[in-house]
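So the chains spell out like this:
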Amino acid sequence: MTPAIALPGFLESVTMIDDEPGARPSVREYHQRIKALEARLYEARDAGVPVVELVTGRAAAIDRLLIQAWEHFGIAPQAAALVAVGGYGRGELHPGSDIDLLLLLGAPPPPTDEERLIAFITFLWDIGLDVGHSVRTLDECVTEATADITVMTNLIESRPLAGSRALYAQLAERTAPERIWPSPAYFQAKLDEQVDRHRKFGDTAYKVEPNLKESPGGLRDIQMIGWVTRRHFGTGALHELVQHRFLNETEYQSLIDGQDFLWEVRFSLHQLAGRKEDRLLFDYQRELARRFGYADQDQNLAVEQFMQRYYRTVMELERLNEILLQYFQETILLAEESGEAVILTRRFQSRRGFLEARDNQIFLRYPPALLEVFLVLQQHPELKGVRASTIRLIRSHLHLIDDSFRNNLVCRRLFMEILRQSSGITRQLRRMNRYGVLAAYLPIFENIVGRMQYDLYHAYTVDEHTLMVLRNIRRLSVPEHAGELPLCSELFTTLPKPELLYLAGLFHDIAKGRGGDHSELGAEEAYAFCRHHGLGEQDAELVSWLVRNHLVMSMTAQRKDISSPEVIHEFATLVGNKTRLDYLFLLTVSDVRGTNPELWNSWKDALFTELYHSTVRVLGRGLDNPIGRTELVDEVRHEAAGLLAQAGLPDERIAAIWDDLDEDYFLRHTGAEVAWHTQAIAETGQADLPKVVLRQIEELGSTEIFLFSKDYPQLFALTTAALDQLGLNIVDARFNLTHSGCSLYTFLVLEANGKPITNGYRLQEIEHELAKLLDNPHQLPAMQPRRMPRKLKHFDVPTRIDFHQDPDERWTVMELSTADRPGLLARVSRALIDSGIKVQGARIATVSETADDVFYVTDMQHRPILSAERQQRVREAIEAELA
């Protein structure tokens with residue numbers, strides 16, 4: 001049987017098999033041909049052969065090999081048909097694509113034919129083809145297709161390769177839309193399927209490791225269009241959509257160009273991975289960028305340029321998918337509904353539930369309607385979306401959004417009105433971005449559309465992150481979501497002007513990729529925009545201040561000792577008043593939650609909340625009346641004493657324990673912690689040391705480990721090594737030395753996945769293992785080799801170690817910035833011990849691939865490390881340990 005797809009000339013020689021007719025085909029010969037085919041395809045790719053020829057050419061070459069093999073096995077031609085299905089049925093095969101086959105039978109085969117069919121499939125596996133196959137009778141195919149939309153879709157894409165054409169014709173007849181899965185039912189099922197698939201990817205195409213096949217805007221969305229076109233119009237040719245006026249020629253070409261680009265990426269991805277791989281992982285992004293001809297620029301890495309092209313391509317495909325699905329809905333699902341227009345405003349109406357411009361000249365006559373359309377959508381939440389014809393009108397009139405448009409008072413008021421609506425803000429800003437209106441109205445936004453940041457901290461492109469932040473802000477106003485962040489939701493209701501927070505969210509990262517300090521540049525842009533849009537000086541200054549300082553609260557909470565009155569007072573001085581604090585707190589929480597879903601946890605929630613409340617207290621007292629250390633110590637003691645009195649611990653026992661502790665201990669622990677520690681110490685005799693106790697702290701979303709032990713130099717290194725072996729993530733560590741020479745260590749830990757420890761047996765395991773290791777305190781456990789997480793392998797983070805002195809001269813502050821890796825803290829601790837350095841405290845802050853940790857260190861006599869030469873030796877020891 002002649003292949004249905006033309007075989008390119010450059011593949012002709014590698015598909016010719018010289019086996020004798022009737023002889024059993026040679027596994028070796030076929031295997032060599034397949035290897036030669038793969039090599040020839042890669043040579044052609046490197047020579048610039050268009051990817052369409054490569055993808056269809058591989059399918060045609062496999063056609064020829066399969067047909068030759070089928071004929072060799074002598075399967076009765078009238079009893080069975082060899083059918084290509086799925087992507088192979090479409091005539092598309094990438095290097096790692098499955099070869100999906102249907103062995104179609106008229107009836108259950110006799111033993112001889114069954115043996116031959118089994119031998120045929122076994123042969124395909126033996127020669128190295130990645131075959132997915134099913135063996136079904138005609139009746140079984142119809143039954144399965146009726147019950148399963150996936151089977152039906154595979155058959156829609158099928159084409160006969162060898163065997164009985166009459167049998168295949170019967171299959172096509174019995175699975176036609178008139179018999180099963182009529183066009184409306186098929187379209188609705190595929191539409192539901194797409195919605196579910198998009199939801200699995202968070203309804204976004206803009207994650208930093210996207211799936212180019214399954215993510216929104218990916219190849220599956222294009223295939224979806226093809227399936228519906230084939231089912232409804234009887235042809236898989238996408239150009240038919242032009243004939244039916246679903247697309248114009250420009251849109252059709254954009255669709256084909258987008259598909260070709262994704263094909264090029266997928267072909268190269270399979271080649272790099274050596275297998276089927278549809279995820280654009282960090283493992284491949286840099287090499288793909290190089291292959292596509294990108295080079296690093298001052299403010300834009302090659303990989304970021306390449307990925308920006310990818311994201312902008314899928315954005316266009318998302319837009320085309322929306323247009324086509326809307327047309328399909330009207331033509332297929334809503335054909336029986338009244339098409340009469342329902343007038344909404346002077347310029348817009350509703351037709352079949354979709355917003356429509358009342359005439360094709362509306363944007364020419366009244367350009368502000370290009371913004372008004374989104375306001376109308378907000379004011380009419382019952383609308384399903386925008387009619388495809390109106391989307392096309394918006395896109396074709398984007399050139400009207402020029403300086404004159406931006407200076408138009410009506411346009412400026414419309415934009416602000418969109419931000420002041422009670423609902424639909426996020427949805428319409430996303431739509432504005434997808435249609436290109438947001439970047440046209442805010443030209444500085446254009447730079448961040450599809451811009452990725454090549455790191456592990458940011459899970460989304462800059463524009464998608466910005467929209468995520470706005471979504472998070474918006475959720476604070478929705479009563480149904482108040483349980484997520486009760487304090488934030490409560491504070492949002494007190495904001496005098498919520499639109500100022502939306503503006504800060506919109507502008508906070510808008511200057512990314514321009515060089516310089518993006519916070520400062522963004523603040524300048526935000527101020528100019530606010531003044532241009534009629535905001536008063538005070539409001540414009542607030543938005544600008546929020547953008548300029550949007551990182552400060554996060555950095556203070558995660559990298560500074562917020563138990564220090566000086567740190568809180570410094571932050572409160574920067575903030576100045578509670579109104580600013582409220583806005584900044586809400587922006588910070590929304591920003592962190594919108595950066596990477598894995599970054600936010602109950603520990604960060606508690607950390608930011610603690611900083612907020614501490615700052616409120618300072619502001620309430622007045623910045624000129626700071627809280628003194630003595631007052632704070634007294635408050636902590638008073639709270640702890642009350643808790644201990646309830647537990648029945650005698651006052652003299654409490655006093656004896658507390659007299660052994662210095663002021664710093666009470667400053668760095670809460671009253672509840674002091675009471676817990678005191679109770680544990682009171683129950684512990686010298687013979688019982690070391691003492692290890694654990695407890696859950698719901699308000700901090702973490703597990704607290706308290707260690708009371710005789711002091712010895714390697715205690716910190718030993719403990720961190722033990723916690724590392726247990727697979728725990730240390731988020732906070734505080735250490736204090738008693739006057740009598742004992743150490744009090746307080747660790748807050750999470751599981752490696754960032755979740756609190758909830759299993760009782762797990763808590764027992766931690767307590768037992770720590771106690772066992774501490775029984776031999778003079779021998780550090782061997783460092784256990786731990787696998788480097790895949791994502792961390794692709795980032796080169798230089799190690800930087802800086803020293804500066806504590807204002808009270810209690811210790812030296814050592815700041816470490818380096819690539820995160822398993823066992824990092826244990827390795828640093830080991831290097832410090834080897835250098836004769838004792839750790840008195842630590843702040844652990846790992847952000848994506850970078851660990852930014854702060855250690856409070858002394859020498860073994862508890863003196864600060866003042867010598868520059870000594871500091872350099874410590875630096876070199878740590879660098880050697882981490883090398």
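All of the points below concern the structure found in this document. These numbers come from a predicted model, not from an experiment. (Residues numbered from 1 in each chain as written. Predicted model: local features only at pLDDT ≥ 70, side-chain atom pairs only at ≥ 80, totals over all residues. Heavy atoms only, no water.)

**Here we look at the environment of arginine 40**
Alright, step 1. Of note, arginine 40 is situated in helix H1 (residues 27-46).
Alright, step 2. Taking the C-alpha atoms as reference, arginine 40 lies 10.0 Å from arginine 58; in sequence the two are 18 residues apart. (Helix = DSSP H or I, 4+ residues; strand = E, 2+ residues; numbered from the N terminus.)

**So, the side chain of threonine 235**
Alright, step 1. Here threonine 235 shows up in the loop between helix H9 (219-233) and helix H10 (240-243).
Alright, step 2. Not counting residues within four places of it along the chain, the set of residues in contact with threonine 235 comprises Thr229, Arg230 and Glu240. (Contact = heavy atoms within 4.5 Å.)

**Some words on the sheet that holds strand S3 (residues 131-137)**
Alright, step 1. Ordered in space as S3-S2-S1-S4, the 4 strands form an open sheet in which the pairing is mixed. With one partner strand each, in any of the chains shown, S3 and strand S4 (159-163) form the two edges of the open sheet. Neighbour-to-neighbour, the strand axes of the sheet open up by a mean angle of 25°, direction not taken into account.
Alright, step 2. The pairing of strand S2 (residues 99-105) with S3 spans 7 bridges and is parallel. Bridge assignment links isoleucine 99 to a residue of S3, and that residue is valine 131.
Alright, step 3. Its contacts with the sheet put helix H7 (residues 165-174) on strand S1 (80-84), S2 and S4, and the angle it makes with S2 is roughly 100°. (Pairing = 2+ DSSP bridges. Axes fitted to C-alpha atoms, helices over the stretch in contact; angles between N-to-C directions.)

**Description of the sheet that holds strand S7 (residues 354-357)**
Alright, step 1. Spatially, 4 strands are ordered S5-S6-S7-S8 in an open sheet, and the strand pairing comes out mixed. Edge positions in the sheet fall to strand S5 (341-343) and strand S8 (385-386), since each of these pairs with one other strand and no more.
Alright, step 2. By the bridge criterion, 3 bridges tie S5 to strand S6 (residues 348-351) in an arrangement that is antiparallel. Within S6, the position partnered with alanine 341 by the bridge is arginine 351.

**Quick look at the nonpolar core**
The nonpolar side chains of a soluble globular protein tend to be buried with one another.
Alright, step 1. Leu66, Tyr88, Leu101, Phe120, Leu124 and Phe328 are the most contacted members of the largest nonpolar core, which has 234 residues in total.
Alright, step 2. In terms of residues, this core owes the most to one element, helix H13 (residues 302-333), which gives 16 residues.
Alright, step 3. If we skip the residues at most four places from it in the chain, tyrosine 88 touches Ala59, Ile62, Asp63, Leu66, Leu93, Asp98, Ile99, Asp100, Leu101, Arg159 and Leu161.
Alright, step 4. Counting residues in hydrophobic clusters, the runner-up holds 42 residues, among them Ile766, Ile801, Leu816 and Ile844. (Core = buried A, V, L, I, M, F, W, Y, C linked by side-chain atoms within 4.5 Å. Buried < 20%, exposed > 50% of the residue type's maximum accessible area, 1.4 Å probe, protein only.)

**Focus: the packing of aromatic side chains**
Alright, step 1. What the rule picks out here adds up to 31 aromatic pairs.
Alright, step 2. Ring geometry for tryptophan 811 and tyrosine 856: centres 5.4 Å apart, planes at 45°, overall tilted. Here tyrosine 856 lies in strand S17 (residues 850-859) and tryptophan 811 lies in the loop between strand S13 (800-805) and strand S14 (812-819), a separation of 45 residues in the sequence. Residues tryptophan 811 and tyrosine 856 agree in their burial class; the two are buried. (Phe/Tyr/Trp six-rings, centres within 6.5 Å; stacked < 30°, edge-to-face > 60°.)

**A closer look at helix H27 (residues 552-559)**
Alright, step 1. Along H27, the residues classified as buried are Met553, Ser554, Thr556, Ala557 and Gln558.
Alright, step 2. Buried residues along H27 sit against helix H28 (565-575), helix H29 (578-595), helix H30 (602-621) and strand S15 (837-843).

**Observations regarding the packing of H27 against H30**
Alright, step 1. It is the contact of H27 with H30, at a shortest axis distance of 9 Å, that shows an interaxial angle of 105°. Between H27 and H30, the crossing angle belongs to the class labelled roughly perpendicular. Every residue of H30 that contacts H27 at Met553, Ser554, Thr556, Ala557 and Gln558 is listed here: Lys604, Leu607, Phe608, Leu611 and Tyr612.
Alright, step 2. Among the residues making up the contact of H27 with H30, the classes are represented as 6 nonpolar, 3 polar and 1 charged. (Parallel < 35°, antiparallel > 145°, perpendicular 65-115°, else oblique. Nonpolar A, V, L, I, M, F, W, Y, C, P; charged D, E, K, R; others polar.)

**What about the packing of helix H18 (residues 409-419) against helix H24 (residues 498-507)?**
For any two helices packed against each other, the geometry is given by the interaxial angle and the distance between the axes.
Alright, step 1. One can describe the packing of H18 onto H24 by two numbers: an axis separation of 9 Å at closest approach and a directional angle of 100°. Between H18 and H24, the angle is such that the two are roughly perpendicular. Contacts from Phe415, Met416 and Leu419 in H18 reach Glu499, Tyr502, Leu503 and Leu506 in H24.
Alright, step 2. Classifying every residue of the contact of H18 with H24 by side-chain character gives 6 nonpolar, no polar and 1 charged.

**Focus on helix H38 (residues 868-882)**
Alright, step 1. Helix length check: H38, at 15 residues, gives a terminal C-alpha distance of 21 Å against a target of 21 Å (1.5 Å per residue), a fit within 8%.
Alright, step 2. Three or more residues of H38 are buried, namely Gln871, Val874, Arg875, Ile878 and Leu882. The arc that holds every buried residue of H38, seen down its axis, measures 100°, which confines them to one face. Of the residues in H38, the exposed ones pointing more than 90 degrees away from the buried face are Glu869, Arg873 and Ala880.
Alright, step 3. Here the buried face of H38 lies against S13, S14, helix H37 (824-834) and S15. (Expected span 1.5 Å × (residues − 1). Arc of directions from axis to C-beta.)

**Describing the pattern of salt bridges**
Oppositely charged side chains are able to pair whenever their charged atoms sit close together.
Alright, step 1. Tallying each qualifying case throughout the model produces 59 salt bridges.
Alright, step 2. The closest approach of N and O atoms between glutamate 287 and arginine 290, which form a salt bridge, is 2.5 Å. Placement of both glutamate 287 and arginine 290 in helix H12 (residues 282-291) is noted, with a separation of 3 residues, approximately one turn of the helix.
Alright, step 3. A relative accessible area of 52% means that arginine 290 is categorised as exposed.
Alright, step 4. Linking lysine 578 and aspartate 582 is a salt bridge whose minimum nitrogen-to-oxygen distance equals 2.9 Å. Residue lysine 578 and its partner aspartate 582 are located together in helix H29, separated by 4 residues, close to a single helical turn.
Alright, step 5. Overall, aspartate 582 belongs to the buried group, its relative accessible area being 7%. (Salt bridge = Lys/Arg side-chain N within 4 Å of Asp/Glu carboxyl O.)

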